[in-house]
Amino acid sequence: LFHGDTGGKPVASPTITVPAVFSGVISRPGGKDEWTILTGTGQPTRIEVAARSIGSPLWASVSVSGPDGKEVARSEGSEKADPEPIVFKAAGGRYTVRVADKFRDRGGEAFGYRISVKEAARDEPGGFKLTLPGDCFQVARGGTLKVKVGIQRRGGFNGPVKVAAEGLAPGL
């Protein structure tokens, strides 16, 4: 299947049954594609998006929402890499997969991608991946610093995550 950005006009996405492979193009700046996938109850589902690895300039941002409209997973690529695969335990029903470029001012006919959706291995590890906006931070003496920590949940993991800084110099 192929789906192109509709220029903001609402278009019903075909309902796709797992497993499937389909493609699209973010053809204009600020564009996004939405796909509807139909999953089985309790079925662990794996979604992989290829953009950079197939020569596209798309800096893919992918999110998955459940039948209730709530986001269940998100993954974002980088300048050089595709997004990490998304794995979630589906409650069954229609899930929406959204694809866009990370930067709203980018898009065009070259911004293509391919999505693969399949049943994940039942023993595929769950868990999470944390991301930071940098690998080095500076704090003025006596100052404070707030750091936004991103989390990508995998394999249906939805437990709490506690983040702590350890091994810091005295006074930090």
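These numbers were taken from a predicted model, which means no experiment stands behind them.

A few words on the overall build of the protein chain. Along its length, the protein chain carries zero helices and 12 strands. Taking contacts inside the protein chain between residues at least 6 apart in sequence as the whole, the part at least 24 apart equals 67%. Total accessible area on the protein chain is roughly 10500 Å²; 51% of this is exposed by carbon and sulfur atoms.

Right, let's talk about the nonpolar core for a bit. In terms of nonpolar packing, the biggest core is built from 25 residues, with Ile47, Val97, Tyr113 and Ile115 touching the most fellow members. If you list the elements that add at least two residues to this core, you get β3 (20-25), β4 (32-39), β5 (44-50), β6 (60-65), β8 (86-89), β9 (93-101) and β10 (112-119). What isoleucine 47 contacts, discounting residues up to four positions off in sequence, is Ile37, Val64, Pro85, Ile86, Phe88, Val97, Ile115, Ser116 and Val117.

Judged by side-chain polarity, Phe128, Leu130, Leu132, Phe137, Val139, Leu145, Val147, Val149, Ile151, Val163, Leu168 and Leu172 come together as a nonpolar surface patch covering roughly 990 Å² of accessible area. Owing to a relative accessible area of 38%, phenylalanine 128 belongs among the partly exposed residues under this scheme.

Summarising burial for β6: six of the six residues are buried, a large majority. Both faces of β6 are covered, namely the face carrying Ala60, Val62 and Val64 and the face carrying Ser61, Ser63 and Ser65. Pairing of β6 with β9, which is carried by six bridges, proceeds in the antiparallel orientation. Bridge assignment links valine 62 to a residue of β9, and that residue is valine 99. Pairing between β6 and strand β7 (residues 71-76): five bridges, direction antiparallel. Residue pairing for β7: valine 62 is matched across the bridge by serine 75.

Turning our attention to the side chain of serine 75. Relative to the assigned elements, serine 75 resides in strand β7. Residue classification places serine 75 among the buried positions, given a relative accessible area of 3%. A distance of 2.8 Å separates a polar side-chain atom of serine 75 from the backbone oxygen of glutamate 84. Those residues in contact with serine 75 that lie beyond four places of it in its chain are Ala60, Ser61, Val62, Pro83, Glu84, Ile86 and Gln152.

Spatially, β2-β4-β9-β6-β7 is the arrangement adopted by the five strands of the open sheet, whose pairing is mixed. Both edges of this open sheet fall to β2 (15-17) and β7, since each of them pairs with a single strand only. Looking at each pair of strands side by side, their axes are set apart by 25° on average, direction ignored. Strand direction decides the pairing type here: β2 and β4, joined by three bridges, are parallel.

Reading guide: rules and limits
Residues numbered from 1 in each chain as written. Predicted model: local features only at pLDDT ≥ 70, side-chain atom pairs only at ≥ 80, totals over all residues. Heavy atoms only, no water. Helix = DSSP H or I, 4+ residues; strand = E, 2+ residues; numbered from the N terminus. Contact = heavy atoms within 4.5 Å. Areas by Shrake-Rupley, 256 points an atom, 1.4 Å probe, with all protein chains shown as cover. Core = buried A, V, L, I, M, F, W, Y, C linked by side-chain atoms within 4.5 Å. Buried < 20%, exposed > 50% of the residue type's maximum accessible area, 1.4 Å probe, protein only. Patch = residues over 30% accessible without salt bridge, like charges linked within 9 Å, V, L, I, M, F, W, Y side chains within 5 Å. Salt bridge = Lys/Arg side-chain N within 4 Å of Asp/Glu carboxyl O. Pairing = 2+ DSSP bridges. Polar contact = N/O pair within 3.5 Å; in protein donor to acceptor, adjacent residues only side chain to side chain. Axes fitted to C-alpha atoms, helices over the stretch in contact; angles between N-to-C directions.

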